[in-house]
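# Coordinate inspection notes
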Amino acid sequence: MDKHVIETRQLSLFYGAFQALTNIDLNIGERRITALIGPSGCGKSTLVRVFNRMNDLIEGVSVTGSVVVQGENIYKPDTDLITLRRKVGMVFQRPNPFPLSVYKNITFGLEIHRKGSNVEFPNIVEQSLRNVLLWDDLKDRLEDSAMRLTLEQQQRLCIARVLAMKPQIILMDEPCSALDPIATLKIEELMQQLKKEYTIVIVTHNMQQAARASDFTAFLYLGQVIEYGETKRIFAAPTEKQTEDYITGRFG
Amino acid sequence: MERHFQKELESLKTTLVKMGSVVEENLGEAIRSALEKDADLASKVVEKDKRVDALEIENDNAIIDLLALQQPLASDLRFILAALKINNDLERIGDHAVNIAQSALVLCKLTDAVTIDEIPKMAAITKAMLKDALDGFILLDPIKAKGVLTKDDEIDNLNRDVAKKVIELVKNNSRTIECGLELNRVSRNLERVGDLATNIAEEVIFHTQARVVKHHAEEKKVPPENDAK
């Protein structure tokens, strides 16, 4: 069995009095792509944001149970959130590059975290852009504003920005929903490259994307994990009726 | 919410069921034409097989469209894969019915025709197997389908018995060679129908229970790796 890099036990999350996640026990395998699927409001985005405590930014959030990331319970009071978020990077739905140059987009985090010296920056920039297959396209445009890139390039740049911080886990919340089908396939290909070194958790509305791109799939409904297993099993022969109904479009 | 896709799946199933009933009828008439030496009925079977071939193509096209346009998943995917194979199996059974009818046409012309008791027995069992396999498909009933699998050995044994009897027959009376060959041919075609009905039953189990029972796959299977949970 895979080594687990994220383990949740009896995880529940509340927005004030509203319970958004209920008793979630989930193990995420190392260097695997794990997809979280389910209808809108099922808690999949909430769950992925638990893994680097992005939900802390929302007022009134409370969490019970435990979330262990690489052996450490990240909801311990003395958790260093900056370190956590460097280790567990995130890519969002809409590409959100900083309104800075391509180069500065990648070095911005390094400067804030004082990672590496300025002498190392050019190498890190090149390596990060190479990893997302942008280097050949952008090596002569490093000083251009990131806002002038295509949406797909912007999303790749956002991934490169995460990679520059040397994370171990990359969370992706609907990373392709603003992209056209060709750009989507390219990002999915990139994910296959990245999983050789990183653990990826992706939230997606697009079931075909989960089927194509992930190794494991968790189906969430009303804040609970209804079924979790190898993607090829979930999409060929799910055991839970709710999963079957959802992925065959008979839901509701 | 009922999707258009579901209606298309239903329509594929309806056409397959229709094809199944034509094939069932053809097999029954082919057998009757051979047992009762009815040349008119035999010719009718040969003619009606064109309808089966047309339905096979219609189903093939519907399946290609569903796979290409709808990207089916889970039980929908298993249904379409099962339908693809059942479509093929039914068409083959149709061909075997034609073979039996052609033997019937030869038997009708022979003056030294003899009978072998095992053949009507085989015919009854294979017809029942096909009926149960198709009922299993229509009713989504894996238990009915499983019953079909247990009968195939019986057919195989009867087929061997027929072959032995044919050898005895032609040894004792060389004038029965032609008849013996045709009876053996009928028996072999019935045996193949039994195999194909078994295949259909296996596909019904795959569709309804996501289990692969052909070639005793479940008994041979190495236990799968546990899911990550």
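Higher on the page you've got the structure.
Anyway, here's the lowdown on the structure attached to this text. Here the residue numbers are simple positions, counted from 1 along each chain's written sequence. Going through the entries in the order they are written, you letter the chains from A and number the ligands from 1. Per-residue local features of the predicted model are confined to residues with pLDDT of at least 70, and side-chain atom pairs are confined, for both listing and counting, to 80 or more; whole-chain, interface and lining totals are unaffected and use all residues.

A few words now on the sheet that holds strand E10 (residues 224-230) of chain A. Residue and element names in this part refer to chain A. When DSSP locates at least two bridges between a pair of strands, those strands are taken to pair. In this text, helices come from DSSP runs of H or I with a minimum length of four residues, and strands from runs of E with a minimum of two, each type numbered from the N-terminal end. Spatial strand order, E6-E7-E8-E3-E9-E10: six strands in an open sheet with mixed pairing. Unpaired on one side and paired on the other, strand E6 (88-91) and E10 mark the two borders of the sheet. Between one strand axis and the next, the sheet turns by 20° as a mean value, whatever way the strands run. Pairing of strand E3 (residues 33-37) with strand E8 (residues 199-203), which is carried by four bridges, proceeds in the parallel orientation. When the sheet's bridge partners are listed, Ile33 is paired in E8 with Ile200. In the packing of helix H6 (residues 151-164) onto the sheet, the strands contacted are E6 and strand E7 (169-173), and the crossing angle to E6 comes to about 170°. Convention adopted: a line fitted to C-alpha atoms gives each axis, helices being fitted over their contacting stretch, and angles between N-to-C directions are expressed from 0 to 180 degrees. Note on contacts: residues are paired as contacts if their backbone-placed C-beta atoms lie within 7 Å.

This brings us to the environment of Lys87 of chain A. Residues and elements named next belong to chain A. Along the polypeptide, Lys87 turns up in helix H2 (residues 81-87). Whether a residue is buried, exposed or partly exposed is read from the other C-beta atoms within 10 Å of its own C-beta, which are placed from the backbone; 20 or more gives buried, 12 or fewer gives exposed, and intermediate counts give partly exposed. Classification of Lys87 as partly exposed rests on a count of 19 C-beta atoms within 10 Å. With 73 residues separating them in the primary sequence, Lys87 and Ala160 have C-alpha atoms 14 Å apart. Apart from the residues within four sequence positions on either side, Lys87 is in contact with Pro167, Gln168 and Ile169.

Turning next to helix H3 (residues 102-113) of chain A. Residues and elements named next belong to chain A. Looking at H3, one finds that the buried residues are Val102, Asn105, Ile106, Thr107 and Leu110. Buried positions along H3 lie against helix H4 (121-131), helix H5 (135-138) and H6. Arg114 sits one or two residues past H3 and shows a positive phi near 50°.

Attention now moves to the pairing of strand E9 (residues 216-221) of chain A. Residue and element names in this part refer to chain A. Most of E9 sits out of view: six of its six residues are buried. A two-sided burial pattern is seen for E9, the buried positions comprising Phe216, Ala218 and Leu220 on one face and Thr217, Phe219 and Tyr221 on the other. Here four bridges tie E3 to E9, and the two strands are oriented parallel to one another. Its bridge partner being in E9, Thr34 is matched across the sheet by Phe216. Both E9 and E10 contribute to a ladder of six bridges, which runs antiparallel. Bridged to Ala218 within E10 is Tyr228. In this antiparallel pair of consecutive strands, E9 and E10, the connection spans two residues, and Leu222 shows a positive phi of 50°.

All names here are of chain A. Strand order in this open sheet of four strands is E2-E1-E4-E5, and the pairing throughout is antiparallel. In this open sheet, the two edge strands, each paired with only one partner strand, are strand E2 (18-29) and strand E5 (72-73). Relative to strand E4 (residues 61-69), strand E1 (residues 4-15) is paired through eight bridges, and the arrangement is antiparallel. In the strand pairing of E4, Thr8 is matched with Val67.

Turning our eyes to something else, we now look at the packing of H6 of chain A against helix H7 (residues 181-194) of chain A. In a packed pair of helices, the relevant descriptors are the angle between the two axes and the axis-to-axis distance. All names here are of chain A. In the contact formed by H6 and H7, the axes pass within 10 Å of each other and the chain directions differ by 20°. As far as their axial angle goes, H7 and H6 are roughly parallel. Relative to H7, the crossing made by H6 is right-handed. Taken together, the residues of H7 that come into contact with H6 (itself represented by Leu151, Glu152, Gln155 and Arg156) are Ala183, Lys186, Ile187 and Leu190. Oblique is the label for any angle not covered by the other classes, which are roughly parallel (under 35 degrees), roughly antiparallel (over 145) and roughly perpendicular (65 to 115). Left-handed describes a crossing whose near helix is turned anticlockwise from the far helix by less than a right angle; the clockwise case is right-handed.

Once that is clear, we can look at helix H7 (residues 177-209) of chain B. All names here are of chain B. For a helix, the expected span equals 1.5 Å multiplied by the number of residues minus one. The terminal C-alpha atoms of H7, which comprises 33 residues, lie 48 Å apart, in line with the 48 Å expected from a rise of 1.5 Å per residue. A large share of H7 lies buried, amounting to 25 of its 33 residues. Ala210, located one to two residues past H7, shows a positive phi value of around 55°.

One non-glycine residue, Gln70 of chain A, lies in the positive phi region at around 45°. With respect to the helices and strands, the residue Gln70 of chain A is situated in the loop between E4 and E5. A positive phi is found at Lys37 of chain B, a non-glycine position, where the angle reads about 55°. By secondary structure assignment, the location of Lys37 of chain B is in the loop between helix H1 (4-36) and helix H2 (39-70). Classification of Lys37 of chain B as partly exposed rests on a count of 16 C-beta atoms within 10 Å.

Residues and elements named next belong to chain B. The interhelical angle for the contact between helix H5 (residues 142-149) and H7, taken along N-to-C directions, is 150°, at an axis separation of 8 Å. The angle between the axes of H5 and H7 places the two elements in the roughly antiparallel class. In this structure, H5 meets H7 at a crossing whose hand is left-handed. Contact residues: H5 offers Pro142, Ala145, Lys146, Val148 and Leu149, while H7 offers Ala197, Thr198, Ala201, Val204, Ile205, Thr208 and Gln209. Under this grouping Gly is polar, as are all residues other than the nonpolar Ala, Val, Leu, Ile, Met, Phe, Trp, Tyr, Cys and Pro and the charged Asp, Glu, Lys and Arg. Of the residues belonging to the contact of H5 with H7, the class tally is eight nonpolar, three polar and one charged.

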